[in-house]
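# Examining the three-dimensional arrangement
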Amino acid sequence: MTDPNGPATPARVRIEPWSPGDLDLLRRANAPELMEHLGGPETEDQLLVRHARYVGLSAEHAGRGRMFRVVVAESGQTAGIIGYWEQDWVDQRVYETGWTVLPGFHGRGIASAAARAVAERAGAERRHRYLHAFPSVDNGPSNAVCRKAGFTLLGPCDLEYPPGRPMRANDWRLDLLGGTPGAGGAAG
């Protein structure tokens, strides 16, 4: 009998570059339950701007980052969105990552697998040493994804997301160039 909660083993995923045809995926990811920790759903105009930014980032990334759709390897179903982009953080340039997994794909290890895949891509750039994720302190599932994907919790921090909206987040860091995850070292 098949487990209704998904496979017992972590999902295998592919990450495929974001394309102009992915606007509907962005709209599906804009659901209130998925945007709860990110300031709520965006307007259609905001989604169009975000989509254009994702397309542009993926087309001309040149080390600045990439956006991807997350695809379940076994079925070919699109399960979500993930990416990485440059960010200034604590006096250094780093990559930041973020993701959304669509309802119906939760609890299968898809986000953790996608986070590992995006970390591999970001690390291959050899441009920045660290990849950070900043889930809300109240977002248990996203914090668990960070832990399962090998990030080290540095502690809580205050930031604004979206801009103008204060947010208490956890700062999770992954060392892309080897060494001890979470340890101090050379800036990227």
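Structure shown above.
Right, let's walk through the structure included here. (Residues numbered from 1 in each chain as written. Predicted model: local features only at pLDDT ≥ 70, side-chain atom pairs only at ≥ 80, totals over all residues. Heavy atoms only, no water.)

Moving on, we get to the overall build of the protein. Counting its secondary structure elements, the protein contains five helices and seven strands. Its helices and strands in sequence order give the protein the pattern β-α-α-α-β-β-β-α-β-α-β-β, from N to C terminus. The burial tally for the protein puts 47% of its 188 residues in the buried class. Restricting to contacts in the protein with at least 6 residues of sequence separation, those with at least 24 account for 63%. Surface accessibility of the protein: about 9600 Å² in total, with carbon and sulfur atoms responsible for 52%. (Helix = DSSP H or I, 4+ residues; strand = E, 2+ residues; numbered from the N terminus. Buried < 20%, exposed > 50% of the residue type's maximum accessible area, 1.4 Å probe, protein only. Contact = heavy atoms within 4.5 Å. Areas by Shrake-Rupley, 256 points an atom, 1.4 Å probe, with all protein chains shown as cover.)

With that out of the way, let us pick up the sheet that holds strand β3 (residues 78-89). Taken in spatial order, the seven strands make up an open sheet running β1-β2-β3-β4-β5-β7-β6, and their pairing is mixed. Bordering the open sheet on either side are β1 (13-17) and β6 (152-160), each of which pairs with just one other strand. Taken over all neighbouring pairs, the strand axes of this sheet differ in orientation by 30° on average, direction set aside. In the packing of helix α4 (residues 110-125) onto the sheet, the strands contacted are β1, β2 (65-72), β3, β4 (92-101), β5 (130-133) and β7 (166-175), and the crossing angle to β3 comes to about 45°. Each of β4, β5 and β7 is contacted by helix α5 (residues 140-148), which is oriented at about 15° to β7, the strand it contacts most. (Pairing = 2+ DSSP bridges. Axes fitted to C-alpha atoms, helices over the stretch in contact; angles between N-to-C directions.)

Before going further, it helps to examine the nonpolar core. With 41 residues, the main nonpolar core has Ile 81, Ile 82, Ile 110, Leu 131 and Phe 151 as its most contacted residues. When residues in this core are grouped by element, the largest group, eight residues, is from α4. In this structure, Ile 82 is in contact with Ile 15, Met 67, Phe 68, Val 70, Thr 97, Gly 98, Trp 99, Ala 114, Ala 115 and Val 118, ignoring residues within four places of it in sequence. (Core = buried A, V, L, I, M, F, W, Y, C linked by side-chain atoms within 4.5 Å.)

Moving on to the environment of Arg 50. In this fold, Arg 50 is placed in helix α3 (residues 44-59). Separated by 27 residues in the primary sequence, Arg 50 and Leu 23 place their C-alpha atoms 9.3 Å from one another. Residues in contact with Arg 50, not counting those within four places in the same chain, are Leu 26, Glu 42 and Tyr 161. Within the local environment of Arg 50, its side chain forms a polar contact with the side chain of Glu 42, the two groups lying 2.9 Å apart. (Polar contact = N/O pair within 3.5 Å; in protein donor to acceptor, adjacent residues only side chain to side chain.)

On their own, these measurements won't tell you what the molecule is for.
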